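# Results of the structural survey
Okay, here's what each chain looks like letter by letter:
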Number of protein chains: 4
Amino acid sequence: MYKISYIDDFEQWKREFKFFIEVKIRFSETDMFGHVNNVSPFIYFEEARIEFLRQIGVFTKIKDSESVPVVADLQCNFLEQMFFGEKLLLFVKANKVGSSSIDLHYMGVKENGNVCFTGRGNLVNINPTTGKSIPLTEDEKKKLRKN
Amino acid sequence: MYKISYIDDFEQWKREFKFFIEVKIRFSETDMFGHVNNVSPFIYFEEARIEFLRQIGVFTKIKDSESVPVVADLQCNFLEQMFFGEKLLLFVKANKVGSSSIDLHYMGVKENGNVCFTGRGNLVNINPTTGKSIPLTEDEKKKLRKN
Amino acid sequence: MYKISYIDDFEQWKREFKFFIEVKIRFSETDMFGHVNNVSPFIYFEEARIEFLRQIGVFTKIKDSESVPVVADLQCNFLEQMFFGEKLLLFVKANKVGSSSIDLHYMGVKENGNVCFTGRGNLVNINPTTGKSIPLTEDEKKKLRKN
Amino acid sequence: MYKISYIDDFEQWKREFKFFIEVKIRFSETDMFGHVNNVSPFIYFEEARIEFLRQIGVFTKIKDSESVPVVADLQCNFLEQMFFGEKLLLFVKANKVGSSSIDLHYMGVKENGNVCFTGRGNLVNINPTTGKSIPLTEDEKKKLRKN
């Protein structure tokens, strides 16, 4: 396998994931070559990210909050093709917790155990009115570092 | 062609359309059989509906308004397959204007002039707080009847 | 509730459903008013339809088959708004089995038991080369009538 | 602005783009916070990539070809929020042409001239039967280097 810029030791990187959601590939997510569109993993990242933050209890009061999480960047490496009807486990972890941002990493695993894609992206804590970044609380950092 | 329940005279029905938008089929809207997913026309209806209402000046202040348009039902008849890269003209008209609702009709036309799908759906004028229907103003009815 | 054209007795219509799938609403399916886009039920219909046909064993060899199922029309009535994170049960049944087509009916039910949308659509058995309709076999009709 | 890993000199990087397509943001691409979902730029990348390759005449006979372009990775940096109804110019260029792959770069520009997102991704030339990479022809490389 070729080197992925944000992964040092692939086996160790894999072992560090604990949280995952199940994803069922929708028919509307397949393209005219019969396999899953390369846009879909980013949809799955979003599902996993929201569920992950909800379960560990960070960024849960988005609507009326003075700080909201904003996606600053996203990337995905496609390792193996996926097909309609396949089920995926989508893992997510907080790879690095900064003062006001989190580097979230993602891994899609097929039922046969093969990793079909990897990904990452920064989530920045923002004041929605001023647009400025806001430090994460110690409590939030603690919850994120454990997962 | 088989009979479509909401169309009496197909040729006359076609002639009554004036407003249209151009739609370019996205690659992500094709499925694994190489043709456009049957979900996509409903996406195109939405584009056309919003643009139609904006241009004739009805329901333009949705965000802070005391009445909002709500889609009550939608239907589509698929007459001819569409493929990636094709361009469509999507026509829309107010087929019937009720006291607090509009029966919007849609027609998708390929570059060769063939009608590839037809559709319709009721849009009801609602008070977002109470959920009750609200009469359209005479001005709104007039604008809708002209288009 | 207003009258839906394809439903005679709502309570009886509900009771006739047996098959369902679970649908989890994706964040990307919500719109800027915070509720589920009116395009999404048609995506859910497709998931349910494919799973239904697979489980009862009709139209299972689509790729190399001499007959394929083609969606002729679709409609949906929106009864109650859905929101991100909600789980739905999506029911499907063969309401009427014709000589070469099936009238499939759909019902979306929230966790509180409320029906949030209903729908229907014809599926026609087509020869992909000639485009002509092909009679369903007696075996297919029997399987469909039971579900 | 923060440093983007795949851009050295932002002003020079911008000047090197020549090809672009126009993108109209769809209502179904907005989320419940009123702005464009962060999945959508990847849909736009795909539109731009297909149109770019078609216009310069590379990878045009995908269906029956012995070599197909496969997306190996994708990334996007989100610089400014986009809203429903806005029009974008989406630029694409071949930033680097390898022996059997292309590093495509993308830039989304709003009507006010602001860059709202940047992106990149490798496209690898693959034999669809063996899955092995195939060298680009000199003619293909020449066409890509000019654009």
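Computed from a predicted structure; not experimentally measured. (Residues numbered from 1 in each chain as written. Chains lettered and ligands numbered in written order. Predicted model: local features only at pLDDT ≥ 70, side-chain atom pairs only at ≥ 80, totals over all residues.)

### Structural notes on the overall build of chain A
- Looking only at helices and strands, chain A has 3 helices and 6 strands in total.
- Its helices and strands taken in sequence order, chain A reads α-β-α-β-β-β-β-β-α from the N to the C terminus.
- For chain A, whose C-alpha radius of gyration is 16 Å, the value lies close to the compact-globule estimate of 15 Å for 147 residues.
- Looking at the 147 residues of chain A, the share that counts as buried comes to 37%.
- Within chain A, contacts between residues separated by at least 24 positions form 68% of all contacts whose residues are at least 6 apart in sequence. (Helix = DSSP H or I, 4+ residues; strand = E, 2+ residues; numbered from the N terminus. Rg over C-alpha atoms; globule rule 2.2 N^0.38 Å. Buried ≥ 20, exposed ≤ 12 C-beta atoms within 10 Å, placed from the backbone. Contact = placed C-beta atoms within 7 Å.)

### What to know about the interface of chain A and chain D
- Taken together, the contact pairs 13 residues of chain A with 13 residues of chain D.
- Elements with a minimum of two residues in the side of chain A that touches chain D: helix 2 (40-56) and strand 3 (73-78) of chain A.
- Counting residues per element, the side of chain A that touches chain D draws most heavily on strand 3 of chain A, at 6 residues.
- When the residues that make up the side of chain A that touches chain D are grouped by side-chain class, the tally is 8 nonpolar, 3 polar and 2 charged.
- Here strand 3 of chain A pairs with strand 3 (residues 73-78) of chain D via 5 bridges, running antiparallel. In the sheet register, Asp73(A) faces strand 3 of chain D, and the bridge partner there is Asn77(D). (Nonpolar A, V, L, I, M, F, W, Y, C, P; charged D, E, K, R; others polar. Pairing = 2+ DSSP bridges.)

### Let's talk about the relation of the copies chain A and chain D
- Note on the identical chains: chain A maps onto chain D by a rotation of 180° and an axial translation of 0.0 Å, with an RMSD of 0.0 Å. Such a combination of rotation and displacement between the chain copies is what one expects of a two-fold axis. Relative to the rotation axis, the C-alpha of Gln75(A) is the closest in chain A, positioned 2.0 Å from it.
- Looking at the interface residues of chain A, 100% of them are also at the interface in chain D, so both copies use one shared face. (Least-squares fit on C-alpha atoms with pLDDT ≥ 70 in both.)

### Some points on the pairing of strand 5 (residues 101-110) of chain A
Residues and elements named next belong to chain A.
- Looking at chain direction, strand 4 (residues 87-97) and strand 5 are connected through 9 bridges and run antiparallel. Within strand 5, the position partnered with Leu88 by the bridge is Lys110.
- Where strand 4 folds back on strand 5, the antiparallel hairpin that results is connected by 3 residues.
- As defined by bridge partners, strand 5 adjoins strand 6 (residues 115-126) across 9 bridges and the pair is classed as antiparallel. Across the sheet, residue Leu104 finds its bridge partner in strand 6, namely Gly121.
- Two successive antiparallel strands, strand 5 and strand 6, enclose a turn made up of 4 residues, where Gly113 displays a positive phi of approximately 90°.

### Topic: the relation of the copies chain C and chain D
- Rotating chain C by 180° and moving it 0.0 Å along the rotation axis overlays it on chain D with an RMSD of 0.0 Å.
- Taken together, the interface assignments show that 100% of the residues at the interface of chain C recur at the interface of chain D, consistent with an identical surface on both copies.

### Remarks on the environment of Gly34(B)
- Relative to the assigned elements, Gly34(B) resides in the loop between strand 1 (19-24) and helix 2 (40-56).
- Considered as a pair, Gly34(B) and Phe83(B) are 49 residues apart in the sequence and their alpha carbons are 6.8 Å apart.

### Some words on helix 2 of chain A
- Its 17 residues place the ends of helix 2 of chain A 25 Å apart at the C-alpha level, agreeing with the 24 Å of an ideal helix rising 1.5 Å per residue.
- Among the residues of helix 2 of chain A, those classed as buried are Ser40(A), Pro41(A), Phe42(A), Ile43(A), Tyr44(A), Phe45(A), Glu46(A), Ala48(A), Arg49(A), Phe52(A) and Leu53(A).
- Those residues of helix 2 of chain A that are buried are in contact with strand 1 (19-24), strand 3, strand 4, strand 5 and strand 6 of chain A together with helix 2 (40-56) of chain D.
- Once helix 2 of chain A finishes, Gly57(A) follows within two positions and takes phi at roughly 80°, a positive value. (Expected span 1.5 Å × (residues − 1).)

### A few points about the environment of Lys141(A)
Residue and element names in this part refer to chain A.
- With respect to the helices and strands, Lys141 occurs in helix 3 (residues 138-145).
- Classification of Lys141 as partly exposed rests on a count of 17 C-beta atoms within 10 Å.
- Sequence-wise, Lys141 and Val97 are 44 residues apart; in three dimensions their C-alpha atoms are separated by 6.7 Å.
- Here Lys141 is in contact with Val97 and Leu136, once residues within four sequence places are set aside.

### Focus on the nonpolar core
- Phe42(B), Leu90(B), Tyr106(B), Phe42(C), Leu90(C) and Tyr106(C) are the most contacted members of the largest nonpolar core, which totals 60 residues.
- In contact with Leu90(B), not counting residues within four places along its chain, are Phe20(B), Ile21(B), Val23(B), Tyr44(B), Ala48(B), Tyr106(B) and Gly108(B). (Core = buried A, V, L, I, M, F, W, Y, C linked by C-beta atoms within 7 Å.)

### Details of the environment of Leu123(A)
Residues and elements named next belong to chain A.
- Tracing the chain through its elements places Leu123 in strand 6.
- Here Leu123 falls in the buried class, since 23 other C-beta atoms lie within 10 Å of it.
- Linking Leu123 and Phe59, residues 64 residues apart in sequence, is a C-alpha distance of 11 Å.

### Details of the confidence of the model for chain A
- Scored by pLDDT, chain A has a mean of 89; 95% of the residues are at 70 or more.
- Model confidence for the complex: the whole-complex pTM is 0.86, and ipTM, which rates the interface, is 0.92. (pLDDT = per-residue confidence, 0-100.)

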